[in-house]
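Summary of the model geometry
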Amino acid sequence: MGCVSDWRRESFPEMLSAGLSLEETDDGEEATPESVRFPFEKVFPVYAMSLSKPDADSIVNLGHDPIWDAVREEAKLEAEKEPILSSFLYASILAHDCLEKALAFVLANRLQNPTLLATQLMDIFSHVMMNDRDIQRSIRLDVQAFIDRDPSCLSYSSALLYLKGYHSVQSYRIAHALWKQGRKLLALALQSRISEVFGVDIHPAAKIGDGILLDHGTGVVIGETAVVGNRVSLMHGVTLGGTGKETGDRHPKVGDLALLGACVTVLGNIKIGEGAMVAAGSLVLKHVPPHSMVAGTPAQVIGSMDEQDPSLTMNHDATKEFFKHVAVGLRDGRSK
């Protein structure tokens, strides 16, 4: 690892706020922040190995990117507040020129192992994301979903750096792109690493929409032929599984704006309707109507959703409706 003693002795926060550079110009004069560049390759040589030059023909021009701007500003502020994290924040965010490359760096360093090197993974991840408009849109809509729906998500940068629910979904998106390209063994290798590192098992052939909140993520399992719509919220422990050894289309289909509570299990090729809410701990074995509320083992319809978008309100407390449903059932049973 390089040493910073050859340059002016400034703290990293000061460097970041002053233009991210310690160099001087070629004529020996003090450089202005606009004219210089931080010596990233010297200070972080291992990280810099994977920072390949962008191919202008392959990069989609995204224009103004307010999410990336917010991520960078947050990182600069955090580096000033927590100097011990300055090098980490620089290497993970401030050394990169777009969200895709920063995310590729973060995921590569999370998923690396002795045989899947971070530099190799970063090259693969960057290439996939920089050439796929759908992924570019999805990574932004997903991080916005965490900001809007997860009260524990402090900022865009904290989601990018620390939230494994976000990491696992974006890693799946890369594996899914590789699967569609015919690179199935590499996609499966990534699935395996995602499962080991994040505790989330999503088959790369599954189809998942935009604006997904995978809250906590731990224990989520999504099968090969599962389909998840747009702006869906999945709590920890959700399983979208099959029912046996049958082949073909055998996994659940979750409609847009649905909310699946903690430890929900949905088995078989059944539909969870648009805007439906499945209460925590439910076992779903049959179709769920749109904008309905289901609970129990096996799950039964216990009411309807007053809110059109339960995944956005994140209201998944079905206690009152459940006990009301049980009381009605007992009353009807006694009357018979």
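From a predicted model like this one, the values you see are computed outputs, not experimental measurements.

Topic: the packing of aromatic side chains
For any pair of aromatic rings, geometry is given as the distance between the ring centres together with the angle between the planes. One pass over the full model with this rule turns up 2 aromatic pairs. Geometrically, the ring pair formed by F88 and Y162 is stacked, given 6.2 Å between the ring centres and 25° between the ring planes. On the criterion of sequence distance, the pair formed by F88 in helix α5 (residues 86-94) and Y162 in helix α9 (residues 156-162) is long-range, its members being 74 residues apart. Residue F88 is classed as partly exposed on the basis of its relative accessible area of 33%.

Quick notes on the pattern of salt bridges
Summed over all chains, the structure comprises 11 salt bridges. Notably, a salt bridge pairs R137 with D134, separated by 3.4 Å at the nearest N-O pair. One end of the pair, R137, and the other, D134, are both in helix α8 (residues 133-149), 3 residues apart, so they sit about a helical turn from each other. What makes R137 partly exposed here is its relative accessible area of 40%. D249 is the salt-bridge partner of K253, the closest N and O atoms lying 2.6 Å from each other.

As for unusual backbone geometry
P298 follows T297 through a cis peptide bond whose omega is -5°. You can see P298 is positioned in the loop between β14 (292-295) and β15 (300-304). For H216, which is not glycine, the phi dihedral falls at a positive 70°. With respect to the secondary-structure elements, H216 resides in the loop between β3 (213-214) and β4 (221-222). Positive phi is not limited to glycine here, since C263 has a value of about 60°. Inspection of the secondary structure puts C263 in the loop between β9 (259-260) and β10 (265-267).

Details of the confidence of the model for the protein
Of all residues in the protein, 74% have pLDDT values of 70 or greater, and the mean over the chain is 82. Confidence drops under a pLDDT of 50 for residues 1-26, and excluding neighbours within four residues, the segment shows 54 contacts in the predicted structure. Taken together, the stretch residues 30-60 has pLDDT below 50 and engages in 65 contacts with residues farther than four places along the chain or on a different chain.

Points about the nonpolar core
In summary, soluble globular proteins display a tendency toward joint burial of nonpolar side chains. Ranked by size, the top nonpolar core spans 86 residues in total, and within it F125, I222, L240, L260 and I272 carry the most contacts. The dominant element in this core, judged by the number of residues it contributes, is helix α6 (residues 99-111), at 9 residues. Residues contacting I272, with those up to four places away along its chain left out, are K253, V254, G255, A258, L260, V266, V278, V284 and V288.

Quick look at the sheet that holds strand β5 (residues 227-228)
Taken together, 4 strands build an open sheet; the order of strands is β2-β5-β8-β11 and the sheet is parallel. Edge positions in the open sheet fall to β2 (207-208) and β11 (271-272), since each of these has one partner strand only. Bridging between β2 and β5 involves 2 bridges; their strand directions are parallel. Paired with I208 across the strands is V228, a residue of β5.

Let's talk about the sheet that holds strand β1 (residues 201-202)
Read across the sheet, 5 strands follow the order β1-β4-β7-β10-β13 without closing on themselves; strand pairing throughout is parallel. Whereas interior strands pair on both sides, the edge strands pair on one side only; in this sheet they are β1 and β13 (283-284). Strand direction decides the pairing type here: β4 and strand β7 (residues 239-241), joined by 2 bridges, are parallel. Its bridge partner lying in β7, V221 is registered against T239.

Description of the side chain of S138
Note on placement: S138 falls in helix α8. From its side chain, S138 meets the backbone oxygen of D134 in a polar contact 2.9 Å long. Apart from the residues lying within four places of it in its own chain, the contact partners of S138 are R173 and D210.

Quick word on helix α7 (residues 118-130)
End to end, α7 covers 18 Å across 13 residues, agreeing with the expected 18 Å (1.5 Å per residue, within 8%). Among the residues making up α7, those that are buried are A118, L121, M122, F125, S126, V128, M129 and M130. Packed against the buried residues of α7 are α6, α8, α10 (164-180) and α11 (184-198).

Some details on α6
A rise of 1.5 Å per residue sets the reference length of α6, with its 13 residues, at 18 Å; its end C-alpha atoms lie 18 Å apart and thus fit the reference within 8%. For α6, the buried fraction is high: 11 of the 13 residues fall into the buried class. All of the buried residues along α6 are L99, E100, K101, A102, L103, A104, F105, V106, L107, A108 and L111.

A few points about the environment of Q170
Here Q170 lies in helix α10. Residue Q170 is classed as buried on the basis of its relative accessible area of 1%. Spatially, the C-alpha atom of Q170 lies 8.4 Å from that of S138, the residues being 32 residues apart in sequence. In this structure Q170 touches L103, L107, I139 and D142, once residues within four positions along its chain are discounted.

Quick word on the packing of α6 against α8
Between α6 and α8, the least distance of the axes is 11 Å, while the angle of their chain directions is 75°. On the basis of their axis angle, the class for α6 and α8 is roughly perpendicular. In contact with L99, E100 and L103 of α6, α8 contributes Q136, I139 and R140. Grouping the amino acids of the contact of α6 with α8 by side-chain chemistry returns 3 nonpolar, 1 polar and 2 charged.

Here is what the cut-offs are and how they apply
- Residues numbered from 1 in each chain as written.
- Predicted model: local features only at pLDDT ≥ 70, side-chain atom pairs only at ≥ 80, totals over all residues.
- Heavy atoms only, no water.
- Phe/Tyr/Trp six-rings, centres within 6.5 Å; stacked < 30°, edge-to-face > 60°.
- Helix = DSSP H or I, 4+ residues; strand = E, 2+ residues; numbered from the N terminus.
- Buried < 20%, exposed > 50% of the residue type's maximum accessible area, 1.4 Å probe, protein only.
- Salt bridge = Lys/Arg side-chain N within 4 Å of Asp/Glu carboxyl O.
- pLDDT = per-residue confidence, 0-100.
- Contact = heavy atoms within 4.5 Å.
- Core = buried A, V, L, I, M, F, W, Y, C linked by side-chain atoms within 4.5 Å.
- Pairing = 2+ DSSP bridges.
- Polar contact = N/O pair within 3.5 Å; in protein donor to acceptor, adjacent residues only side chain to side chain.
- Expected span 1.5 Å × (residues − 1).
- Axes fitted to C-alpha atoms, helices over the stretch in contact; angles between N-to-C directions.
- Parallel < 35°, antiparallel > 145°, perpendicular 65-115°, else oblique.
- Nonpolar A, V, L, I, M, F, W, Y, C, P; charged D, E, K, R; others polar.

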